[in-house]
Amino acid sequence: MAEKTKILVQLDTDALPSVFDRIVAIDAGAEQVLSYGGVTPQNVAPLVHGCIFTRGPQDLHRTAIFIGGSDVQAGEALLSEVRKHLLPQYGLSVSILLDPNGANTTAAAAVRVAARHLDLSRARSLVLGGTGPVGQRVVRLLARAGGHVRVGSRQLERAEAVCQRIRAQVPGAGVEAVSVASAADAPAALDGRQLVIAAGAPGVVLLPKKIRDKANALKLLIDLNGVPPAGIEGVELHDKGTIRDGIVCYGALGVGSTKMKIHKTAVAKLFESHTAVFDIEEIYQLALHLD
Amino acid sequence: MAEKTKILVQLDTDALPSVFDRIVAIDAGAEQVLSYGGVTPQNVAPLVHGCIFTRGPQDLHRTAIFIGGSDVQAGEALLSEVRKHLLPQYGLSVSILLDPNGANTTAAAAVRVAARHLDLSRARSLVLGGTGPVGQRVVRLLARAGGHVRVGSRQLERAEAVCQRIRAQVPGAGVEAVSVASAADAPAALDGRQLVIAAGAPGVVLLPKKIRDKANALKLLIDLNGVPPAGIEGVELHDKGTIRDGIVCYGALGVGSTKMKIHKTAVAKLFESHTAVFDIEEIYQLALHLD
Amino acid sequence: MAEKTKILVQLDTDALPSVFDRIVAIDAGAEQVLSYGGVTPQNVAPLVHGCIFTRGPQDLHRTAIFIGGSDVQAGEALLSEVRKHLLPQYGLSVSILLDPNGANTTAAAAVRVAARHLDLSRARSLVLGGTGPVGQRVVRLLARAGGHVRVGSRQLERAEAVCQRIRAQVPGAGVEAVSVASAADAPAALDGRQLVIAAGAPGVVLLPKKIRDKANALKLLIDLNGVPPAGIEGVELHDKGTIRDGIVCYGALGVGSTKMKIHKTAVAKLFESHTAVFDIEEIYQLALHLD
């Protein structure tokens, strides 16, 4: 008998489920995408039951769940609830990919790109917007790789909270909170850094050009802001390994092709087992095996 | 020219249309499932018109309607409204399958399983939870088969109302209302019964073990409750013809494979004509021809 | 590498996206239809971004947008907003088809049918219900073809507003507003007309038989009202070139097969480029090349 149709159940916390995620899923090989908007921890149980009670354990790798939506925290809460309704003890589970607002694939792509240019086990990095959903993930991956990471935020206490959380997740993590509230803070935050990744809110210049010109150790700049102006002044949207003033630069679109490759690979991987959960660290592992 | 795509239009009365029904539809051969949630008699007319006005009568067997949702009565009301908007006099109709909350396929499966063990034209049965949506359907099928059926309910007058309705639908039906409000009622309700089917609300033990031990005629126990504890104490979820104390037992999962087979067969049958309506009795006829 | 899946993103302004449009899209060759209901100018931006940011410019002709819904003005507003979010300067756009309530394909079909019987560059026409969404489109196409068009409405000033708008869109348009508020107006409105197209609200008889019997020039009657009674008394739903009292007649269903052919052709055309916009005039151009 032919293999069962590959079905991806898209659970989106926004009212209208993401077109982006649906099209990428189709292009990654999902044969049917069942899209749901407005999904919450309160209404998700029957959707999960529909996934696990329709096919035998031997076929459940042909059904999978994608969790998305523009609100990253809502996506995380949904993942946690979805897992409660799986019954792995009876073989009744499906694989899950978490990528709300593209946060996981974007963070993994940024760090993957950085790893092509620097030895991350020794790199000294600064993550601007380090307390946002993408920034926190970037910090975690960089810390896990072994280097030293400064977490920049306009509110020092928020950066410190992130550092504390990362230390709990990554034993021995070399993380340090730095304030980037004003231009006066920048030189100290940048001092000795080889890598800066900007993952802040759109429309905010986090690193003006005249300040970074004084940072002698800088080798690599990655700006994840898709809407001009760039968070790192002087980096362009399409930069993809572009050398500017001797520094390698990547803009959001330059990282985009790596992000897309990671996203599609992760969707395809969902259909190889019925027990995998792809959150930031698992996604980064996939990214490491690309190219 | 190639045959038209097999399209199933899923009309669900719940806000989020059932994942279960979508996946089963795909596995049963529907090539595209068009899923709608929050469907009511008030908003369904254009959906039905979209079904019948898009393809010529010679192709309308490639479009079909599935009516589902967790509220069985809402599904029945929707079926009734949908039929009003078909135009069979012009050849403009599509086939319809009604299975809200799986009530029809579950009831048909339970009775189909019973028919493998007992001659239903002579069997003496008791249906616990006999006034609920699944229970009423089980009673109707058993009565139609010709045996004698006791309809158990904690409220005798509700059981009597069901009996009256069944007698109107099935001329000469041998049905009898019995109270099962307290443990004291059980011996009389069970007396002489060969078959007990429990179709009550989840989490309620309808038949404690110490009571049924005294029922000498008992040959077959079928429990349709998918969430432990079982409605019939001592029957296990996975029981599938399991002999316990000399009695053949089926739990909800044991009936499940028959239910799934019936559900898929019914979906596949939708695409063989453009005029069929599959409600409980038509579904049971399909079930009789399985295996 | 195989070509990408043909994806049509259906943006519908009604709460439940049209079944009609989905089925026609599938039959026209769209391999996946991503359906959205309740789409407004306020929530559409991320849906458009999902279309243009998922595939490279060389593959964007395999993604397209369909704008529908029962409210024609809402559809027009949505088209205008959707276009703002395309980025054609970067090659990032997809083709769009506008057909809310079938207004564009219906109007194009009516005029296409008329062109088979009359030389529209010289025809003298009357459009009843000429200020409604379908009527206005019919007037525009007839005026563009070069003939003389009377725009009938029960409110003369509304007809005059339509004429003014058409003159702005079609330089040198031969259009004239006429009142059809009462039976007394009819002879003057009909005088010398060879073609009458009725595009009014359902259930309203716009042209009683006893009045049109006196119109000697009449050669062709097209009634677009799908629900009896016909807007032009004496024309039947299924009329398709039927001769009645020496006049060629078409009813709504008689025009329907041409409308369906136009609709499917337009959907298929979407996947031939990533920059086309099919509104009424482009759709009529397609219609002219059919048969």
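Coordinates for the structure precede this section.
Structure report, in brief. No experiment lies behind these values; they were computed from the predicted model shown.

What to know about the overall build of chain A
Along its length, chain A carries 10 helices and 12 strands. Scaling as 2.2 N^0.38, a compact globule of 291 residues should have a C-alpha radius of gyration of about 19 Å, and chain A matches this with 20 Å. The principal-axis extents of the C-alpha atoms in chain A amount to approximately 65 × 35 × 35 Å. Across the 291 residues in chain A, those meeting the buried criterion constitute 57%. Accessible surface computed for chain A: about 11500 Å², of which carbon and sulfur atoms make up 51%. Within chain A, the 28 negative side-chain charges are centred at a point lying 3 Å from the centre of the 31 positive side-chain charges.

What to know about the nonpolar core
B:L11, B:I65 and C:I222 are the most contacted members of the largest nonpolar core, which has 86 residues in total. With 8 residues, helix α4 (residues 103-115) of chain C is the single largest residue contributor to this core.

Some thoughts on the interface of chain B and chain A
Tallying the contact residues gives 13 residues for chain B and 19 residues for chain A. Summed over both sides, the interface between chain B and chain A buries roughly 1300 Å², with carbon and sulfur atoms accounting for 67% of that surface. On the chain B side of the contact with chain A, B:L16, B:V19 and B:I23 bury the most area, a combined 41% of that side's loss. The tally of links from chain B across to chain A stands at 1 salt bridge. B:D27 is paired through a salt bridge with A:R55; the nearest N and O atoms lie 2.7 Å apart. Counting across the interface, chain B meets chain A through 4 residue pairs in polar contact (both at pLDDT 80 or more). Among the elements that make up the side of chain B that touches chain A, the one with the highest residue count is helix α1 (residues 19-27) of chain B (7 residues). Split into classes, the residues belonging to the side of chain B that touches chain A amount to 8 nonpolar, 2 polar and 3 charged.

Some remarks on the relation of the copies chain C and chain B
Of the transformation placing chain C onto chain B, the axial shift is 0.0 Å and the rotation is 120 degrees, giving an RMSD of 0.0 Å. Taken together, the rotation and translation relating the two chain copies correspond to the operation of a three-fold axis. Identified as the residue of chain C closest to the rotation axis by C-alpha distance is C:Q32, at 4.9 Å.

Things to note about the packing of helix α4 (residues 103-115) of chain B against helix α10 (residues 280-288) of chain B
Residues and elements named next belong to chain B. Relative orientation of the contacting elements α4 and α10 amounts to 40 degrees, with a least axis distance of 9 Å. Viewed along their axes, α4 and α10 adopt a mutual orientation that is oblique. Judged by the sense of rotation from one axis to the other, the crossing of α4 with α10 is right-handed. In this structure, α4 uses N104, T105, A107, A108, V111, R112 and A115 to contact α10, whose residues at the interface are I280, I283, Y284, A287 and L288. A per-class count over the contact of α4 with α10 returns 9 nonpolar, 2 polar and 1 charged.

Re unusual backbone geometry
Residues and elements named next belong to chain B. Positioned with a positive phi, D245 is a non-glycine residue whose angle comes to about 55 degrees. As for its position among the elements, D245 is in the loop between β10 (240-244) and β11 (247-250). Note on D245: relative accessible area 57%, which makes it exposed.

Concerning the packing of helix α4 (residues 103-115) of chain A against helix α9 (residues 252-270) of chain A
All names here are of chain A. Across the interface, α4 lies against α9 with an axial gap of 8 Å and an inter-helix angle of 120 degrees. By the angle between their axes, α4 is oblique relative to α9. The two elements α4 and α9 meet at a crossing, and its hand is right-handed. Two secondary-structure elements touch here, α4 through T105, T106, A108, A109, A110, R112 and V113 and α9 through V255, T258, K259, I262 and H263. Classifying every residue of the contact of α4 with α9 gives 6 nonpolar, 4 polar and 2 charged.

Side note on the interface of chain C and chain B
Taken together, the contact between chain C and chain B spans 12 residues of the former and 18 residues of the latter. Summed over both sides, the interface between chain C and chain B buries roughly 1300 Å², with carbon and sulfur atoms accounting for 67% of that surface. The largest contributions to the chain C side of the interface with chain B come from C:L16, C:V19 and C:I23, which together make up 42% of the buried area. Summed over the shared surface of chain C and chain B, the number is 1 salt bridge. Across the chain C-chain B interface, the total number found is 4 residue pairs in polar contact (both at pLDDT 80 or more).

Focus on the pattern of salt bridges
Under the definition given, this model contains 42 salt bridges over all chains. We note a salt bridge from B:E81 to B:K84, for which the minimum N-O separation is 3.3 Å. Residue B:E81 and its partner B:K84 are located together in helix α3 (residues 72-84), separated by 3 residues, close to a single helical turn. Among the charged side chains, a network of salt bridges with common partners joins A:E3, A:E31 and A:R62.

A word on the sheet that holds strand β3 (residues 63-68) of chain A
Paired through their backbone hydrogen bonds, the strands of a sheet run either parallel or antiparallel. Residue and element names in this part refer to chain A. Across the sheet, which stays open at both edges, the 5 strands sit in the order β2-β1-β3-β4-β12 with parallel pairing between neighbours. Each end of this open sheet is capped by a strand with a single partner; those strands are β2 (32-36) and β12 (277-278). With 5 bridges joining them, strand β1 (residues 7-12) and β2 adopt parallel strand pairing. Counted as the bridge partner of L8 is V33 from β2. Here α9 sits on the sheet and contacts β1, β3, β4 (95-98) and β12; the angle it forms with β4, its principal contact strand, is near 160 degrees.

Points about the sheet that holds strand β8 (residues 195-198) of chain A
Residues and elements named next belong to chain A. Reading across the sheet, the 7 strands line up as β7-β6-β5-β8-β9-β11-β10 and stay open at both edges, with mixed pairing between neighbours. In this open sheet, the two edge strands, each paired with only one partner strand, are β7 (174-179) and β10 (240-244). Neighbouring strand axes in the sheet, compared pairwise and without regard to direction, differ in orientation by 20 degrees on average. Pairing analysis gives 4 bridges linking β10 to strand β11 (residues 247-250), with the strands arranged antiparallel. Bridge pairing in β11 links I243 to V248. The strands that helix α5 (residues 133-145) touches are β5 (124-128), β6 (148-153), β7 and β8; relative to β5, the one it contacts most, it runs at about 170 degrees.

Some remarks on the environment of A:H238
All names here are of chain A. Structurally, the position occupied by H238 is in the loop between β9 (220-223) and β10. C-alpha separation for the pair H238 and Y250, spaced 12 residues apart in sequence, amounts to 7.3 Å. Once you skip the residues sitting within four places of it in the chain, H238 turns out to touch L253 and G254.

Thoughts on the environment of B:I52
All names here are of chain B. Mapping I52 onto the fold places it in helix α2 (residues 45-52). Separated by 36 residues in the primary sequence, I52 and P88 have C-alpha atoms spaced 9.7 Å apart. Apart from the residues lying within four places of it in its own chain, the contact partners of I52 are L60, H85, L86, L87, L92, S93 and V94.

Looking at the side chain of B:E281
All names here are of chain B. Its place among the elements puts E281 in helix α10. Note on E281: relative accessible area 18%, which makes it buried. Within the structure, E281 has its side chain in polar contact with the side chain of R144 (distance 2.4 Å).

Digging into the pairing of strand β8 (residues 195-198) of chain C
Residue and element names in this part refer to chain C. Neither face of β8 is open: one carries L195 and I197, the other V196 and A198, and all of them are buried. Bridge count between β8 and strand β9 (residues 220-223): 4 bridges; the pairing is parallel. When the sheet's bridge partners are listed, A198 is paired in β9 with D223.

Details of helix α10 (residues 280-288) of chain A
Along α10(A), the positions that sit buried rather than exposed are A:I280, A:E281, A:I283, A:Y284, A:L286 and A:A287. The inward-facing, buried residues of α10(A) contact β4, α4, α5, α9 and β12 of chain A.

A few points about the pairing of β6(A)
Residues and elements named next belong to chain A. Where burial is concerned, most of β6 is hidden: 5 out of the 6 residues are buried. Both β5 and β6 contribute to a ladder of 4 bridges, which runs parallel. Its bridge partner lying in β6, S125 is registered against V149. The parallel pair β5 and β6 is bridged by α5, and the resulting crossover is right-handed. In this structure, β6 lies alongside β7, joined through 6 bridges in parallel fashion. Considered in β7, the bridge of V151 is made with A177. In this fold, β6 hands off to helix α6 (residues 156-169), which returns the chain to β7; that crossover is right-handed.

Parameters and conventions
- Residues numbered from 1 in each chain as written.
- Chains lettered and ligands numbered in written order.
- Predicted model: local features only at pLDDT ≥ 70, side-chain atom pairs only at ≥ 80, totals over all residues.
- Heavy atoms only, no water.
- Helix = DSSP H or I, 4+ residues; strand = E, 2+ residues; numbered from the N terminus.
- Rg over C-alpha atoms; globule rule 2.2 N^0.38 Å.
- Buried < 20%, exposed > 50% of the residue type's maximum accessible area, 1.4 Å probe, protein only.
- Areas by Shrake-Rupley, 256 points an atom, 1.4 Å probe, with all protein chains shown as cover.
- Lys, Arg positive; Asp, Glu negative; His and termini not counted.
- Charge placed at Lys NZ, Arg CZ, Asp CG, Glu CD.
- Core = buried A, V, L, I, M, F, W, Y, C linked by side-chain atoms within 4.5 Å.
- Contact = heavy atoms within 4.5 Å.
- Buried area = accessible area lost by both parts, 1.4 Å probe.
- Salt bridge = Lys/Arg side-chain N within 4 Å of Asp/Glu carboxyl O.
- Polar contact = N/O pair within 3.5 Å; in protein donor to acceptor, adjacent residues only side chain to side chain.
- Nonpolar A, V, L, I, M, F, W, Y, C, P; charged D, E, K, R; others polar.
- Least-squares fit on C-alpha atoms with pLDDT ≥ 70 in both.
- Axes fitted to C-alpha atoms, helices over the stretch in contact; angles between N-to-C directions.
- Parallel < 35°, antiparallel > 145°, perpendicular 65-115°, else oblique.
- Left-handed = near helix turned anticlockwise from the far one by under 90°.
- Pairing = 2+ DSSP bridges.
- Right-handed = clockwise from strand over helix to strand, strands pointing away.

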